[in-house]
Amino acid sequence: MRRIRVIGIGTGNPEHLTLQAVAALTTVEVVFVLDKGADKADLLRVRREICERFVPKPYRFVEAQDPERDRSPTDYAAAVNAWHAARAALYEAMIEREIGEGACGAFLVWGDPSLYDSTLRILERVAARGRLAFAYDVVPGITSVQALAAGHRIALNRIGGPVHITTGRALAGGLAPQADSTVVMLDGDPHFDHLDPDLTIYWGAYLGMPEEILLAGRLGEVGPEIRRVRAEARARHGWIMDTYLLRAPAAD
């Protein structure tokens, strides 16, 4: 049977790979990558560097154009579902064409496959279609959340306190009730005006990469600085991936 390995590769530093991930790469004959355009060529470059460093035998690097996605949909769930369906058709064709019976291919997932990544859902769609038999496993990786905490030398939670992980889209409605520590991901245009200015923010961009940027402080003071630095970095690199932690003021 064909085999697929879904390997978490961390957030841009090849040394984020676990020993399990390195061992998994030694079994791979084909590496699948979706081309997201010239602006995100750095993400492709990191994957190539990882393969050149850790795949010890001949392998093929197979690229395909990522299906277009509506970035400003009126129905977000329907738009994502359509995008996943298009990706599933592409994945199925790639696997069928590029991996023979008994061979092994891999998808290298930024961060960890379990957190705000679509690879596993899409492979489940392909398997559910029943046209193509394959087995797959998952190798965990270091997430941007872990890299953010390490960069700022903080624990994500207060003693005994909860951690809420959400998206920028969800944060537009405000923090969750009784939120103590909130990690925000996928925030394409962070705005903080609707939030308590006394929150503490720990922000990071290009986490794990040489371009890494870290800022922290009282939200009302550093929020505008984060927006300025973020805009400048995006203009300079053509893309940005960032994550931040919001923490409620400590109780008296």
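Residues numbered from 1 in each chain as written. Predicted model: local features only at pLDDT ≥ 70, side-chain atom pairs only at ≥ 80, totals over all residues. Heavy atoms only, no water.

Asks: What's the story with the environment of Val-33 in this structure? I'm lost.
Replies: Secondary-structure assignment places Val-33 in strand β2 (residues 30–35). For Val-33, a relative accessible area of 4% translates into the label buried. Distance from Val-33 to Asp-66, taken between C-alpha atoms, is 8.9 Å for residues 33 residues apart in sequence. Residues within four places of Val-33 in sequence aside, it is in contact with Leu-44, Arg-47, Phe-61, Val-62, Glu-63 and Ala-64. (Helix = DSSP H or I, 4+ residues; strand = E, 2+ residues; numbered from the N terminus. Buried < 20%, exposed > 50% of the residue type's maximum accessible area, 1.4 Å probe, protein only. Contact = heavy atoms within 4.5 Å.)

Asks: What should I look at first to understand the packing of aromatic side chains in this one?
Replies: Here the distance between the centres and the angle between the planes together describe a pair of aromatic rings. For the structure shown, the criterion picks out 5 aromatic pairs. A centroid spacing of 5.6 Å and a plane angle of 85 degrees characterise the contact between Phe-192 and Tyr-244, whose relative ring orientation is edge-to-face. In this pair, Phe-192 sits in the loop between β7 (181–185) and β8 (200–205) while Tyr-244 sits in strand β10 (residues 242–247), placing the two residues 52 residues apart along the sequence. Given the relative accessible area of 7%, Phe-192 is considered buried. In this structure Tyr-244 comes out as buried when scored by relative accessible area, which is 1%. Joined through ring pairs, the aromatic side chains of Phe-32, Tyr-91 and Phe-107 make up one cluster. Just above the ring of Trp-83 sits the side chain of Arg-69; from NZ or CZ to the centre is 4.5 Å. (Phe/Tyr/Trp six-rings, centres within 6.5 Å; stacked < 30°, edge-to-face > 60°. Lys NZ or Arg CZ within 6 Å of the ring centre and 35° of its normal.)

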